[in-house]
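For reference, the chains in residue letters:
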Protein chains: 2
Amino acid sequence: MELFTITARDGDARAGSLRLTHGDAATPVLMPVASQATVKGVLAEQLADLGFELILANSFHLLVRPGLDVIEQAGGLHRFMGWDRPILTDSGGFQLFSLASLCKIVEEGVHFQSHVDGAVRFLSPEDAVRCQERLGSDIAMVLDEFPGYPCEKDAAERAAARTLRWAERCLAARTRGDQALFAILQGSVWPDLRASCAEKLAAMPFPGYAIGGLSVGEDRPTRAAVVKASAAALPEDRPRYAMGIGEPEDILPMVAAGVDLFDCVIPTRCGRNGRLYTFAGTVNIRNARFRGQAAPLEEGCPCPGCARTPAAYLHHLYSRDEMLGPILGTLHNLCFFQRFFARLRAAIAAGRFAAYAAEFLAGFARPAVEDETSA
Amino acid sequence: MELFTITARDGDARAGSLRLTHGDAATPVLMPVASQATVKGVLAEQLADLGFELILANSFHLLVRPGLDVIEQAGGLHRFMGWDRPILTDSGGFQLFSLASLCKIVEEGVHFQSHVDGAVRFLSPEDAVRCQERLGSDIAMVLDEFPGYPCEKDAAERAAARTLRWAERCLAARTRGDQALFAILQGSVWPDLRASCAEKLAAMPFPGYAIGGLSVGEDRPTRAAVVKASAAALPEDRPRYAMGIGEPEDILPMVAAGVDLFDCVIPTRCGRNGRLYTFAGTVNIRNARFRGQAAPLEEGCPCPGCARTPAAYLHHLYSRDEMLGPILGTLHNLCFFQRFFARLRAAIAAGRFAAYAAEFLAGFARPAVEDETSA
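It should be emphasised that the depicted structure is a prediction, and the values quoted were computed from it without experimental measurement.

Re the overall build of chain A
Step number 1: Helix and strand counts for chain A stand at 15 helices and 16 strands.
Step number 2: A compact globule built from 375 residues would reach a C-alpha radius of gyration of about 21 Å, and chain A, at 21 Å, matches this within 12%.
Step number 3: Across its three principal axes, chain A shows a C-alpha extent of roughly 60 × 45 × 45 Å.
Step number 4: Within chain A, buried positions represent 54% of all 375 residues.

Below, the structure written as structure tokens:
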């Protein structure tokens, strides 16, 4: 059985299906982020009820705490967190550079000081594969070198070259047949570097490819251009994953360029903060205009908040700092993104992706009447 | 149809059913506390899934924020909070004395300074009834005078006498036929005052009676003695409610004395703090002994945490201050209390309440091996 089947094409956009060890996932797909083996504030059964088929966990975080021994004793990451559908684990390359207080990269791997206990540790590309094999995720990621942002072109080139060498070592280190290992593309903001890195990775037998080093401060047109150049240089028949993306305005051009997988903390982080997504734009639910709104936040939304309560209730919960506010807000945002992706898949299948994207943006960009004032 | 039907007796203990406007509730019943129109951290549908049939909200808190206008616009408290089963609202007498920074009680009612905006407000017994009628709860409570604790006997006597006069005014103020109004018994720790107050209230046509002024600092034997004297003096055919109770060790003697309703913040507050209830006693889930426990916290518990994940996962979530820890812990504790009350009802129906209570305490009192150490 193929890992990835494309079922519809519309320009460079495509809809398809990933067949993974723990189940299938329809693409384009958004992965909610469960860095610490939890999508913040959401039960595994609620994620399944919302229709999510694939989530992202972070092997670097889990390696540090609670440790791989604990997760192995529990029977692997799926059992540990009570989620029986597919999981993609990130290797931790990005976290090494952003969280470890001392991080020294050598050809063999990365020496780093743990942000938790200060202990000096070492992670090689082989260790990263071994770690993810012990977690038992459906998709593992290679260890890559993120050159930082902004960076000089020669630094980006060196990091991309090392990422290629490490990708080969990761491939050689695999021992599990039930886990797909995806490569990661670097090259910072230079389309020629991205394309050259993509061509070299494409020559290796990876079942999927990620575009890394994004959402680190670059502007939106740059981000879209990098992804477009990268996607065009990657094998057409394999899934493409834009790491850490993103806002709907980012996702649309990337789906148009043929990207299939996304992961983003926006639905959960904004849910906690009270910035809620609707098809008419985002709102600050703490705004006084919601104090007396007897209608739900978004008519027709099947999330528990919109289905059962008025927007005034959400406003009340957030205003009182009640735990249930961020819980319901997170569920609403996840539901919004899930519905958004379902519409993207349907539009591709119907051959009207460009029209749908324009319609969505026309509604979503509607200027919000409110912003910072609060009850 | 009667409000309250007793279906089984075992000594003074009884099992029964409350027939309320929004549905039935089997007694003895524990009401989770939703002071601010939310059981902290729990969705309405999760409460229903756990089998809860009656919850408690606080009209004083809701009167102050979000205000009755907002809740009326939403179609009443049930619609506002998305809960379609019965609700009991407290009148706010206790909160007036404990939260209002200036509180002056006169015969007409209570002048108080809001703890929120400092505004001086006034609440009469008639206002308390009107407020709860606007909320649309199934059971409303009279406005009572809590004399504080500890207090002199003559102060307790004066507060009990005023509570009786206010109870008559509340009865006279009723306008809704679909809401049951319960009286509240005061009298502090003096059984003779409690009994005298109970006899006078019993002569008034209340469909149910609450024993107030408990869990304010008195010791457990005193609390049990007060409740026993109060229950014995109340009409046998009407439901009895011990306000703000409590721990399982409190609940057992009160059920034995014929108490039918309880409300308590323990399941939710302890759930947030990581003190989790099991039939073998309470545990601190942050304790290092749970770090690697691959078995669930309590075998056979149907809560989402125990049903799907090892205790090590709960330990991990609490240790990382992840929102999902307090969520799962609260659900677990609510599930424990719900199972405990189901067993109480079954024991009464089987005529073996005393035996069950002894069995429960023998298991529950098992000394915990752990306490304050944490991973």
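Some points on the nonpolar core
Step number 1: Counting residues in each nonpolar core, the largest one holds 244 residues, and the members touching the most others are Ile55(A) and Ile55(B).
Step number 2: Setting aside chain neighbours within four positions, we find Ile55(B) in contact with Met31(B), Pro32(B), Ala34(B), Val39(B), Leu47(B), Trp83(B) and Ile87(B).

Structural notes on the interface of chain B and chain A
Step number 1: Taken together, the 32 residues of chain B in the interface contact 32 residues of chain A.
Step number 2: Mapped by element, the contributors of at least two residues to the side of chain B that touches chain A are α1 (44–49), α3 (68–73), α4 (77–81), α12 (304–308), α13 (311–319) and α14 (324–349) of chain B.
Step number 3: The element best represented in the side of chain B that touches chain A is α13(B), accounting for 4 residues.
Step number 4: When grouped by side-chain class, the residues that make up the side of chain B that touches chain A number 17 nonpolar, 8 polar and 7 charged.

Examining the domain arrangement of chain A
Residues and elements named next belong to chain A.
Step number 1: What the domain assignment lists for chain A is domain 1 (4–264) and domain 2 (270–364).
Step number 2: Distance between the C-alpha centres of domain 1 and domain 2: 27 Å.
Step number 3: The interface of domain 1 with domain 2 comprises 22 residues on the first partner and 21 residues on the second.
Step number 4: At the level of elements, β1 (4–10), β2 (13–20), β4 (29–34) and α10 (248–256) are the ones that each hand at least two residues to the side of domain 1 that touches domain 2.
Step number 5: The biggest single contributor to the side of domain 1 that touches domain 2 is α10, with 4 residues.

Brief notes about unusual backbone geometry
Step number 1: Cis geometry is found at the peptide bond from Ile245(A) to Gly246(A), where omega equals -5 degrees.
Step number 2: The residue Gly246(A) is located in the loop between β13 (240–242) and α10 in this model.
Step number 3: In the segment running from Arg65(B) into Pro66(B), the intervening peptide bond is cis, with an omega of 5 degrees.
Step number 4: Mapped onto the elements, Pro66(B) comes out in the loop between α2 (59–64) and α3.
Step number 5: With a phi close to 50 degrees, Ser188(B) is a non-glycine residue in the positive phi region.
Step number 6: When the 25 C-beta atoms within 10 Å are taken as the criterion, Ser188(B) is described as buried.
Step number 7: Backbone geometry places Ser215(B), a non-glycine residue, at a positive phi of 60 degrees.
Step number 8: Take Ser215(B): it is sitting in the loop between β12 (208–211) and α9 (220–233).

Observations regarding the pairing of strand β7 (residues 103–106) of chain A
All names here are of chain A.
Step number 1: Taken together, the 4 bridges between β7 and strand β8 (residues 109–113) define a ladder with antiparallel strand orientation. Among the inter-strand pairings, Lys104 is bridged to a residue of β8, identified as His111.
Step number 2: Where β7 hands over to β8, the hairpin turn is made up of 2 residues, counted between the paired strands.

Some words on helix α10 (residues 248–256) of chain B
Residues and elements named next belong to chain B.
Step number 1: Counting buried residues in α10 gives 7 out of 9 residues, a clear majority hidden from the surface.
Step number 2: Within the sequence span of α10, burial applies to Pro248, Asp250, Ile251, Leu252, Met254, Val255 and Ala256.
Step number 3: Buried residues belonging to α10 abut β2 (13–20), α9, β13 (240–242), β14 (261–264), α14 and α15 (353–364).
Step number 4: In the stretch just after α10, Gly258 is the one whose phi turns positive, near 100 degrees.

Overview of α14(B)
Step number 1: The end-to-end C-alpha separation of α14(B) is 37 Å, in line with the 38 Å expected for 26 residues at 1.5 Å each.
Step number 2: Phi turns positive, to about 70 degrees, at Gly351(B), one or two residues after α14(B).

Considerations on the relation of the copies chain B and chain A
Relating one copy of the chain to the other takes a rotation about an axis and a shift parallel to that axis.
Step number 1: Mapping chain B onto chain A calls for a screw motion: a turn of 180 degrees about the axis and a shift of 0.0 Å along it, with 0.0 Å RMSD after fitting. The two molecules are tied by a two-fold rotation axis, judged by turn and shift. Rotation axis and chain B: the residue whose C-alpha lies nearest the axis is Met323(B), separated from it by 4.3 Å.

With respect to the packing of helix α8 (residues 191–202) of chain A against helix α9 (residues 220–233) of chain A
All names here are of chain A.
Step number 1: For the pair α8 and α9, interaxial distance at closest approach is 8 Å and the crossing angle is 25 degrees. Here α8 is positioned roughly parallel relative to α9, judged by the angle of their axes. Here α8 runs over α9; the crossing is right-handed. Between α8, through Pro191, Arg194, Ala195, Ala198 and Glu199, and α9, the contact on the second element is made entirely by Ala225, Val226, Ala229, Ser230 and Ala233.
Step number 2: Looking at side-chain class alone, the contact of α8 with α9 contains 7 nonpolar, 1 polar and 2 charged residues.

Topic: the packing of helix α11 (residues 266–273) of chain B against α14(B)
Residue and element names in this part refer to chain B.
Step number 1: Running from N to C, α11 and α14 point in directions that differ by 145 degrees, and their axes come no closer than 7 Å. Read as a crossing pair, α11 and α14 show a hand that is right-handed. Facing Pro267, Thr268, Cys270, Gly271 and Arg272 of α11, the residues of α14 in contact are Pro326, Gly329, Thr330, His332, Asn333, Leu334 and Phe337.

Notes on the sheet that holds β2(B)
Neighbouring strands of a sheet are bound in pairs by backbone hydrogen bonds; such pairs are parallel or else antiparallel.
Residues and elements named next belong to chain B.
Step number 1: Strand order in the open sheet formed by 3 strands is β1-β2-β3, with antiparallel pairing between adjacent strands. With one partner strand each, in any of the chains shown, β1 (4–10) and β3 (23–27) form the two edges of the open sheet. Across the sheet, the mean angle from the axis of one strand to that of its neighbour is 10 degrees, orientation sign disregarded.
Step number 2: Across 5 bridges, β2 lies against β3 in antiparallel orientation. What sits directly across from Arg19, in β3, is Asp24.
Step number 3: Strands in contact with α14 are β1, β2 and β3; relative to β2, the strand with the most contacts, it is inclined by about 115 degrees.

Some remarks on the environment of Gly92(A)
All names here are of chain A.
Step number 1: Note that Gly92 resides in the loop between β6 (87–90) and α5 (93–99).
Step number 2: Assessed through the 27 C-beta atoms surrounding it within 10 Å, Gly92 is described here as buried.
Step number 3: Sequence spacing of Gly92 and Ser59 is 33 residues, and the spatial spacing of their C-alpha atoms is 6.0 Å.

Details of the sheet that holds β4(A)
Residue and element names in this part refer to chain A.
Step number 1: Pairing is parallel around the closed barrel formed by 8 strands, whose spatial order is β4-β5-β6-β10-β11-β12-β13-β14. Adjacent strand axes in the sheet meet at a mean angle of 30 degrees, parallel and antiparallel pairs treated alike.
Step number 2: Summarising the sheet, β4 and strand β5 (residues 55–58) pair through 2 bridges and their orientation is parallel. Looking at β5, one finds that Val33 is bridged to Leu56.

What to know about the environment of Asp24(A)
Residues and elements named next belong to chain A.
Step number 1: In this fold, Asp24 is placed in strand β3 (residues 23–27).
Step number 2: Between the C-alpha atoms of Asp24 and Phe60, which are 36 residues apart in sequence, the distance is 25 Å.
Step number 3: Once you skip the residues sitting within four places of it in the chain, Asp24 turns out to touch Ser17, Leu18, Arg19 and Glu53.

Digging into the environment of Phe97(B)
All names here are of chain B.
Step number 1: Structurally, Phe97 is set in helix α5 (residues 93–99).
Step number 2: Residue Phe97 is classed as partly exposed on the basis of its C-beta count, with 18 C-beta atoms lying within 10 Å.
Step number 3: For Phe97 and Ala358, which are 261 residues apart along the polypeptide, the C-alpha to C-alpha distance reads 37 Å.
Step number 4: In this structure, Phe97 is in contact with Cys103, Phe146 and Gly148, ignoring residues within four places of it in sequence.

Focus: the confidence of the model for chain A
Step number 1: The predicted model of chain A has a mean per-residue pLDDT of 95, with 97% of residues at 70 or higher.
Step number 2: Under the prediction, the complex receives an ipTM of 0.96, its pTM being 0.96.

Thresholds applied
Residues numbered from 1 in each chain as written. Chains lettered and ligands numbered in written order. Predicted model: local features only at pLDDT ≥ 70, side-chain atom pairs only at ≥ 80, totals over all residues. Helix = DSSP H or I, 4+ residues; strand = E, 2+ residues; numbered from the N terminus. Rg over C-alpha atoms; globule rule 2.2 N^0.38 Å. Buried ≥ 20, exposed ≤ 12 C-beta atoms within 10 Å, placed from the backbone. Core = buried A, V, L, I, M, F, W, Y, C linked by C-beta atoms within 7 Å. Contact = placed C-beta atoms within 7 Å. Nonpolar A, V, L, I, M, F, W, Y, C, P; charged D, E, K, R; others polar. Domains from an automatic or database assignment. Pairing = 2+ DSSP bridges. Expected span 1.5 Å × (residues − 1). Least-squares fit on C-alpha atoms with pLDDT ≥ 70 in both. Axes fitted to C-alpha atoms, helices over the stretch in contact; angles between N-to-C directions. Parallel < 35°, antiparallel > 145°, perpendicular 65-115°, else oblique. Left-handed = near helix turned anticlockwise from the far one by under 90°. pLDDT = per-residue confidence, 0-100.

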